[in-house]
Amino acid sequence: MSKTRNLAIGLLIPVMVAVYLVLFWRNTAGRTLASVGFPRLLILILALLIVVQTVQELRGHAATSSSEGEPVETDEVATPAAISPDGPPLSGEGARPMVTVAAFLAAYVFILPWIGAYPSTALFAGTLSIALGYRRPLPIVVSVVVCVVTVAIFIQTFNLPLVGIGR
């Protein structure tokens, strides 16, 4: 019974987000691509992530259902860094990663008008990656490039310049 309950809890958030995305998609119907293109791109990315999350939950449920006996529960929580030395280092005590991201977002919003969108985005992505524990250069560089390219696509595609461009 607890396996089914855990599966239901694990799928609750993806289902809620999926319902929201469907409603949001329907709300943007009939509008021009320039006004709804970026939100719809985000909806599609979130939908893909929901599919990934759901598949992971179902695989985990199938693995525990097919294993012999009840899984042994311990008080220790396995962190991604403990599972793999090269895994994502978003491990922390309690709310530490969430507070770190919130602080860096606040700093990003504060420095954006002063140094511009591209440099502040690159600085934000790079320093946040390091603050969250990434040490290998490749993931840090990839996160910086993806973030800066996303901002550039947003600015160029929708002709909506952000504060501080050109400074």
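Everything below is about the structure printed above this text.
What counts, and at which threshold
Residues numbered from 1 in each chain as written. Predicted model: local features only at pLDDT ≥ 70, side-chain atom pairs only at ≥ 80, totals over all residues. Heavy atoms only, no water. Helix = DSSP H or I, 4+ residues; strand = E, 2+ residues; numbered from the N terminus. Buried < 20%, exposed > 50% of the residue type's maximum accessible area, 1.4 Å probe, protein only. Phe/Tyr/Trp six-rings, centres within 6.5 Å; stacked < 30°, edge-to-face > 60°. Core = buried A, V, L, I, M, F, W, Y, C linked by side-chain atoms within 4.5 Å. Contact = heavy atoms within 4.5 Å.

A. Local environment of the side chain of Thr121. For Thr121, the position within the fold is in helix H5 (residues 117–131). With a relative accessible area of 3%, Thr121 lands in the buried category.

B. Spotlight on the packing of aromatic side chains. All chains considered together, the criterion is met by two aromatic pairs. Here the aromatic rings of Tyr108 and Phe124 are separated by 4.9 Å at their centres, their planes lie at 35 degrees, and the arrangement is tilted. Placement of Tyr108 in helix H4 (residues 96–115) and of Phe124 in helix H5 is noted, with a sequence separation of 16 residues between them. Of the two residues examined, Tyr108 and Phe124, each falls in the buried class.

C. Examining the nonpolar core more closely. If you look at the biggest cluster of nonpolar residues, it comprises eight residues: Tyr108, Leu112, Ala117, Phe124, Leu128, Leu132, Val151 and Ile155. Among the secondary structure elements, those contributing two or more residues to this core are H4, H5 and helix H6 (137–158). Looking at this core element by element, the count peaks at three residues for H5. With sequence-adjacent residues up to four places away left out, Phe124 is seen in contact with Phe104, Leu105 and Tyr108.

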